[in-house]
Amino acid sequence: MKTLPDLLRQEAKGISALKEKIGEKLQTTSSFPIPSGCSCYGFYLAKDELTPPFNDIDTQGINIVVHKPEQEITCYPIQHARGEKIYAVSFDFSGCFMALFEQEGILYAAHITTSSDGKVDGRTAFQNIIGKEGTNYIAYNPYSGMKDHTAGIMEFTDFDNFHCYSFGQNNHLFIEKKVEKNDANALTKSVSQGKQSGCAIL
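Quick summary incoming for the structure in this document.

About the cut-offs
- Residues numbered from 1 in each chain as written.
- Predicted model: local features only at pLDDT ≥ 70, side-chain atom pairs only at ≥ 80, totals over all residues.
- Heavy atoms only, no water.
- Helix = DSSP H or I, 4+ residues; strand = E, 2+ residues; numbered from the N terminus.
- Polar contact = N/O pair within 3.5 Å; in protein donor to acceptor, adjacent residues only side chain to side chain.
- Contact = heavy atoms within 4.5 Å.
- Buried < 20%, exposed > 50% of the residue type's maximum accessible area, 1.4 Å probe, protein only.
- Pairing = 2+ DSSP bridges.
- Arc of directions from axis to C-beta.
- Salt bridge = Lys/Arg side-chain N within 4 Å of Asp/Glu carboxyl O.

**Let's talk about the side chain of Thr 74**
With respect to the helices and strands, the residue Thr 74 is situated in strand S4 (residues 73–78). A distance of 3.1 Å separates a polar side-chain atom of Thr 74 from the backbone oxygen of Val 66. Contacts of Thr 74, omitting those with residues within four sequence positions, involve Ser 39, Tyr 41, Val 65, Val 66, His 67, Lys 68, Ala 109, Ala 110 and His 111.

Here you go:
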């Protein structure tokens, strides 16, 4: 079995296959409570729904949070057992932020909108969420100055064991970001630093 980053390096076009599932799988309701200031848009792709080689992934599936530009924050609750690795993915970053946060024992993936015209900015709403006592979070800007829309990918086991990536949806550049948990300055960083590598395009 392989990690999602390794699989994408092997077959970069696989990110498009994940994005194509949005229309058929999108869920806008949840049995979990949705934090104030968030809207729920997303879905879960189980391992047996993935096409080769992605069905060789080292987890039970992939969590997708879908960006709604008119919403300050879109999030998706993740069913996560302690010590279990999960992947969270979101698309079309050109300045927005991606995050994972935990509230009342529930783990959420989030896409935080920062529109270029300034009309929608979810950073204050997110600060209100993470300002609550005991809320752990990871937040970063997947955009890397690429002339390309960027996917954000988070590989997470716990708040001391995670990796954050950006992936060019057209140019297939792959970058691991330098991200710290509970970073109070995370939402002020226009571009998070990282190490770049290429991918096979099959």
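**A few points about the pairing of strand S8 (residues 137–140)**
Both faces of S8 are covered, namely the face carrying Tyr 137 and Ala 139 and the face carrying Ile 138 and Tyr 140. In this sheet, S8 lies alongside strand S6 (residues 97–103) in antiparallel orientation, the contact comprising four bridges. By the bridge assignment for S8, Ala 99 is matched with Ala 139.

**Observations concerning the environment of Asn 63**
Take Asn 63: it is sitting in strand S3 (residues 61–65). Here the alpha-carbon distance between Asn 63 and Ala 46, two residues 17 residues apart in the chain, equals 8.7 Å.

**Quick look at the environment of Thr 74**
Relative accessible area serves as the criterion here: at 1%, Thr 74 is assigned to the buried category. As a C-alpha pair, Thr 74 and Gly 37 span 37 residues in sequence and 8.9 Å in three-dimensional space.

**Here we look at the sheet that holds strand S7 (residues 106–112)**
Taken in spatial order, the five strands of this open sheet run S1-S4-S7-S6-S8, and their pairing is mixed. The sheet is open, and its two edges are formed by strand S1 (39–40) and S8, each paired on a single side. Where S6 and S7 come together, seven bridges link them in antiparallel fashion. Paired with Ala 99 across the two strands is Ala 110, which belongs to S7.

**Quick word on helix H4 (residues 123–130)**
Looking at H4, one finds that the buried residues are Ala 125, Phe 126, Ile 129 and Ile 130. For H4, the arc enclosing every buried residue in end-on projection is 130 degrees, short of the 170-degree limit, so these residues lie on one face. Structural note: H4 exposes Thr 124 and Asn 128 on the side pointing more than 90 degrees away from its buried face. Tucked inside the fold, the buried residues of H4 contact S4, S6, S7 and S8.

**Things to note about the pattern of salt bridges**
This model, assessed by the stated rule, comprises six salt bridges. One salt bridge in this structure joins Arg 82 and Glu 102, with 3.0 Å as the shortest N-O distance. Here the residue Arg 82 occupies a position in the loop between S4 and strand S5 (86–93), and Glu 102 occupies one in strand S6, the gap between them amounting to 20 residues. On the basis of relative accessibility, which here comes to 14%, the residue Glu 102 falls in the buried class. The closest approach of N and O atoms between Arg 123 and Asp 121, which form a salt bridge, is 2.7 Å. On the basis of relative accessibility, which here comes to 29%, the residue Arg 123 falls in the partly exposed class. When salt bridges with common partners are traced through the structure, they connect Asp 58, Lys 85 and Glu 155 into a single cluster.

**Some words on unusual backbone geometry**
With an omega of 5 degrees, the peptide bond running from Pro 52 to Pro 53 counts as cis. Unlike most non-glycine residues, Asp 92 shows phi in positive territory, near 65 degrees. Mapped onto the elements of the fold, Asp 92 is located in strand S5. Looking at Asp 92, the relative accessible area reads 29%, which means it is partly exposed. Of note in the backbone geometry, Asn 182 takes a positive phi value of approximately 50 degrees without being a glycine. Mapped onto the secondary structure, Asn 182 falls in the loop between strand S11 (174–177) and strand S12 (194–197).

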